[in-house]
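These are the residues of each chain, in order.
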Amino acid sequence: MKLEEQRQQVVDACRYLSRSGLVVGTAGNVSIRVDDVLVISPSGVDYEAMSARDVGIHDLDGNAVDAVLAPSSELALHLAVYRSSEHTAVVHTHAPASTALSTVVDEVPASHYYSALFGGPVRVAPYATFGTQQLADNVSAALRGRNAALMGNHGAVLAGAALPKVLNLVPYLEYVCDVQLRAMATGAPVRVLDDAEIAEVGRLLSGYGQQASGKD
Ligand code: 13P
């Protein structure tokens, strides 16, 4: 099994996260599901030195199909998301504002309309030790009906149908968390948007920007 294109996509995604300050050191991990296997970043490999060959392929029970290195320590988390949803790409970051907010709230309130990008207020999965099945279970539960969750005292996870789209959302989640942190830091009550408004914004955002005309 080759999947060279997906392996390179994973490397490029890891470099993007690192260069954008959305992970520190070798923190974070990225995977893509292709049918009944996943292509996942290796554990603890410097992102600038990582090559497509370092990115392993594992089956949905976590067994290596074609891997020269140990997979991400969060393999169980990625597997749990794929088993419990339709998502086919998962990104785990340690972005600073997302991580800071994960230490003080149980849910990111809809203080900014961009909450609609994630399907509503983003839940914070209760803390569990990194790499454990408990963390995987907590995160997959927090993702129910959402495409993002914070991981308590740890970081963030985003999921979706295609890796480029999931990566695009990472800075938006970081922005929403940064806005909430700054608003909380004023000490004033933070105004929050209601579910109906978030649903309306979700509808509008799905048609936002330049839509393909359908004529070509
Ligand atoms: P890996 O390098 O094993 O993917 O671990 C990084 C991490 O962020 C663990 O949560």
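Residues numbered from 1 in each chain as written. Predicted model: local features only at pLDDT ≥ 70, side-chain atom pairs only at ≥ 80, totals over all residues. Heavy atoms only, no water.

Draft legend 1. Summary view of unusual backbone geometry. Positive phi is not limited to glycine here, since Asp35 has a value of about 55°. With respect to the helices and strands, the residue Asp35 is situated in the loop between strand E1 (29-34) and strand E2 (37-40). Overall, Asp35 belongs to the exposed group, its relative accessible area being 63%. Notably, Asn153 is not glycine yet its phi reads approximately 55°, a positive angle. Within the fold, Asn153 resides in the loop between strand E8 (148-151) and strand E9 (155-160). (Helix = DSSP H or I, 4+ residues; strand = E, 2+ residues; numbered from the N terminus. Buried < 20%, exposed > 50% of the residue type's maximum accessible area, 1.4 Å probe, protein only.)

Draft legend 2. Expanded view of the environment of Ser41. Mapped onto the elements of the fold, Ser41 is located in the loop between E2 and strand E3 (56-59). We classify Ser41 as buried; its relative accessible area is 1%. Sequence separation of Ser41 and Val30 is eleven residues, and the distance between their C-alpha atoms is 5.6 Å. Those residues in contact with Ser41, other than ones at most four positions away along the chain, are Val10, Cys14, Asn29, Val30, Met50, Val55, Pro71 and Ser72. (Contact = heavy atoms within 4.5 Å.)

Draft legend 3. Representation of the UniProt feature "domain: Class II aldolase/adducin N-terminal" (unreviewed entry) in the protein in the model. The UniProt entry lists residues 8-181 under the feature "domain: Class II aldolase/adducin N-terminal" (unreviewed entry), expressed in the numbering used here. Within the segment residues 8-181, helix and strand shares are 33% and 22% respectively, and the terminal C-alpha atoms sit 35 Å apart. (UniProt positions renumbered as here; feature names shortened; annotations may be inferred.)

Draft legend 4. Spotlight on the site of the ligand. Close to the ligand lie 13 residues; Asn29, Ser43, Ser72, Ser73 and Glu74 are nearest. One of the backbone nitrogen or oxygen atoms of Thr26 is found 3.4 Å away from an oxygen atom of the ligand. Within the side chain of His92, one N or O atom sits 3.3 Å away from an oxygen atom of the ligand. Relative to its unbound accessible surface of 300 Å², the ligand loses 91% to contact with the protein. Counting atoms within 2 Å of the grid points, the majority share of the ligand lands in the second largest pocket. Of the residues contributing to the shell around the ligand, the split by class is two nonpolar, ten polar and one charged. (Near = heavy atom within 4 Å. Polar contact = N/O pair within 3.5 Å; in protein donor to acceptor, adjacent residues only side chain to side chain. Areas by Shrake-Rupley, 256 points an atom, 1.4 Å probe, with all protein chains shown as cover. 1 Å grid on protein atoms, 1.4 Å probe; cavity = no way out; pocket = protein on both sides within 12 Å on 5 of 7 lines; lining within 4 Å. Sits in = over half its atoms within 2 Å of the grid points. Nonpolar A, V, L, I, M, F, W, Y, C, P; charged D, E, K, R; others polar.)

Draft legend 5. Representation of helix H5 (residues 163-185). Between its first and last C-alpha atoms H5 spans 33 Å; for 23 residues at 1.5 Å apiece the expected length is 33 Å, and the two agree. Among the residues of H5, Leu163, Val166, Leu167, Leu169, Val170, Leu173, Glu174, Val176, Cys177 and Gln180 are the ones counted as buried. (Expected span 1.5 Å × (residues − 1).)

Draft legend 6. Quick look at the nonpolar core. Among the nonpolar cores identified, the biggest contains 41 residues, and Leu150 and Leu173 are the most heavily contacted of them. Broken down by element, the residue count for this core peaks at eight residues, all from H5. Setting aside chain neighbours within four positions, we find Leu150 in contact with Ser98, Leu101, Ser102, Val108, Val122, Arg123, Val124, Ala125, Gly155, Ala156, Leu173 and Cys177. With 20 residues, the next largest nonpolar core counts Ala80, Val90, Leu135 and Ala149 among its residues. (Core = buried A, V, L, I, M, F, W, Y, C linked by side-chain atoms within 4.5 Å.)

Draft legend 7. Local environment of helix H2 (residues 75-84). Most of H2 sits inside the fold, with seven of its ten residues counted as buried. Inspection of H2 places Leu75, Leu77, His78, Leu79, Ala80, Val81 and Tyr82 among the buried residues, and these make up the whole buried set.

Draft legend 8. Summary view of the sheet that holds E8. Strand order in this open sheet of nine strands is E4-E3-E2-E1-E5-E9-E8-E7-E6, and the pairing throughout is mixed. Two strands in the sheet have a free side with no partner beyond their single neighbour: strand E4 (64-66) and strand E6 (107-108). Packed on one face of the sheet, helix H4 (residues 133-142) meets strand E7 (122-125), E8 and E9 and runs near 165° to E7. (Pairing = 2+ DSSP bridges. Axes fitted to C-alpha atoms, helices over the stretch in contact; angles between N-to-C directions.)

Draft legend 9. How the structure looks around the pattern of salt bridges. Summed over the entire model, instances satisfying the criterion amount to seven salt bridges. Between Arg7 and Asp66 there is a salt bridge, with its nearest N and O atoms 3.4 Å apart. Here Asp66 lies in strand E4 and Arg7 lies in helix H1 (residues 4-19), a separation of 59 residues in the sequence. Accessibility classification places Arg7 together with Asp66 in one group, the buried group. Members of the salt-bridge network, linked through shared partners, are Glu4, Arg7, Arg53 and Asp66. (Salt bridge = Lys/Arg side-chain N within 4 Å of Asp/Glu carboxyl O.)

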